[in-house]
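Observations on chain architecture
If you want the building blocks of each chain, they are given just below.
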Amino acid sequence: MRVRLDLGYDGTDFSGWAAQPGRRTVEETLSTGLGTILRLPGGPKLTVAGRTDAGVHANGQVAHADIPADAWNRLPGRSDRAPEQAVLTRLAGVLPGDIRVHGASIAAEGFDARFSAINRRYAYRISDHPSGPPPLRRRDVLSHRRPLDEAAMTRAARTLTGLNDFAAFCKYREGATTIRTLLAYEWHRDEQGLLVATVLADAFCHSMVRALVGAVLPVGEGRKPDDWPAQVLTEGHRDPRVAVVPPHGLVLEEVGYPADDELAARAKESRAVRTLP
């Protein structure tokens, strides 16, 4: 049976999501934990909504695993709990403190954690206070030495929304498309005075969010006009003037999915090669 897992993690001490020989990754850690409680040697294969880079965090990551029904049904042991409840407490007992599965359910027919998703929402947090970020936020907030104008950054960010080829903001990968629909991109200050970006798209290519953030920082500093990021976009290739900001300020906050009866169709659509009209 296919099981959906909703999880969060502090990415500081992980080398990203994807399993890599000799490195501590979220995928390897979670798969090992599942293998332990399910008594499956090697652990189940995981499919994830977004393969986060080293140092990137998540509050709303989603993955799925295909698990033998008998192993799933054995999880409660002698208790009267449902497997969906038992898996959470049992995983909490074997996983390290920087990763937690906070939801588990039998996936609806046609569900694919990666291809059924209709959007991903990331946040990026920056402190431009002269003293730097609050001590308890040092692992998920970027310290920026110059004051930033969030209104100017939002004006610049909104020039990038829509269906575009984001090659100027993506790390090149052979055969991979860079066409994406950026649904929303804006900035605000939270109650701590931190600048917070909300970046929502149907999907993201490698390092895209961090480059989108880097593109508006010069605007926020007053060194570039509001339309500069849009000019970079039209160039169609990676611009060395756009800094890719550090990963630790980035958090995957939410993954959106359609109604259950649309999951399979969405997965089929997502697998198709994207083109511009």
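Anyway, here's the lowdown on the structure attached to this text.

Cut-off values and rules
- Residues numbered from 1 in each chain as written.
- Predicted model: local features only at pLDDT ≥ 70, side-chain atom pairs only at ≥ 80, totals over all residues.
- Heavy atoms only, no water.
- Helix = DSSP H or I, 4+ residues; strand = E, 2+ residues; numbered from the N terminus.
- Rg over C-alpha atoms; globule rule 2.2 N^0.38 Å.
- Contact = heavy atoms within 4.5 Å.
- Areas by Shrake-Rupley, 256 points an atom, 1.4 Å probe, with all protein chains shown as cover.
- Lys, Arg positive; Asp, Glu negative; His and termini not counted.
- Charge placed at Lys NZ, Arg CZ, Asp CG, Glu CD.
- Disulfide = S-S within 2.5 Å.
- Buried < 20%, exposed > 50% of the residue type's maximum accessible area, 1.4 Å probe, protein only.
- Salt bridge = Lys/Arg side-chain N within 4 Å of Asp/Glu carboxyl O.
- 1 Å grid on protein atoms, 1.4 Å probe; cavity = no way out; pocket = protein on both sides within 12 Å on 5 of 7 lines; lining within 4 Å.
- Points joined across faces, edges and corners; volume = space filled by probe spheres on them.
- Patch = residues over 30% accessible without salt bridge, like charges linked within 9 Å, V, L, I, M, F, W, Y side chains within 5 Å.
- Expected span 1.5 Å × (residues − 1).
- Arc of directions from axis to C-beta.

1. Here's the deal with the overall build of the protein
A count of helices and strands for the protein gives seven helices and 10 strands. For the protein, the C-alpha radius of gyration of 20 Å lies close to 19 Å, the compact-globule estimate for 277 residues. In the protein, the proportion of contacts linking residues at least 24 apart, taken out of those at least 6 apart, comes to 70%. Total accessible area on the protein is roughly 13,400 Å²; 50% of this is exposed by carbon and sulfur atoms. Here the protein holds 36 positive side-chain charges and 34 negative ones, and the gap between their average locations is 5 Å.

2. Side note on the state of the cysteines
In a disulfide, the sulfur atoms of two cysteines are held together by a covalent bond. The full count for this structure, using the stated rule, is one disulfide. The disulfide partner of C170 is C205, and the S-S distance across this bridge is 1.7 Å. Here C170, found in the loop between β7 (162–165) and β8 (179–189), pairs with C205, found in the loop between β9 (195–201) and α5 (208–220); they are 35 residues apart in sequence, far enough to count as distant. Under the relative-accessibility criterion, C170 is labelled buried at 3%.

3. Regarding the pattern of salt bridges
The full count for this structure, using the stated rule, is 20 salt bridges. Salt-bridge contacts for R74 lead to D70; the nearest nitrogen and oxygen are separated by 3.7 Å. Owing to a relative accessible area of 48%, D70 belongs among the partly exposed residues under this scheme. Notably, a salt bridge pairs R137 with D140, separated by 2.9 Å at the nearest N-O pair. By the burial criterion, R137 is buried, and D140 matches it. Beyond isolated ion pairs, a larger network of salt bridges with shared partners links D10, D13 and R139.

4. A closer look at the layout of surface pockets
The method is simple in principle: a probe with the dimensions of a water molecule rolls over the atoms, and the space it marks as empty is what remains. Volume-wise, the largest pocket comes out at about 1,300 Å³. Every residue lining the largest pocket is counted, 48 residues in all, and those nearest its centre are R51, R114, R173, F204 and C205. Secondary structure elements with two or more residues in the lining of the largest pocket: β2 (46–48), β5 (119–127), α5 and α7 (263–271).

5. Looking at a positive patch on the surface
On the surface, a cluster of positive charge is contributed by R51, R114, K171 and R173. By the element assignment, K171 lies in the loop between β7 and β8. Residue class for K171 comes out partly exposed when judged on its relative accessible area of 48%.

6. Some words on helix α3 (residues 83–94)
Between its first and last C-alpha, α3 extends 16 Å over 12 residues, near the 16 Å set by a 1.5 Å rise per residue. Residues P83, A86, V87 and L91 constitute the buried set of α3. Along the axis of α3, the buried residues cluster in a sector spanning 125°; they form a single face. On its buried face, α3 sits against α1 (26–38), α2 (69–73) and β4 (99–106).

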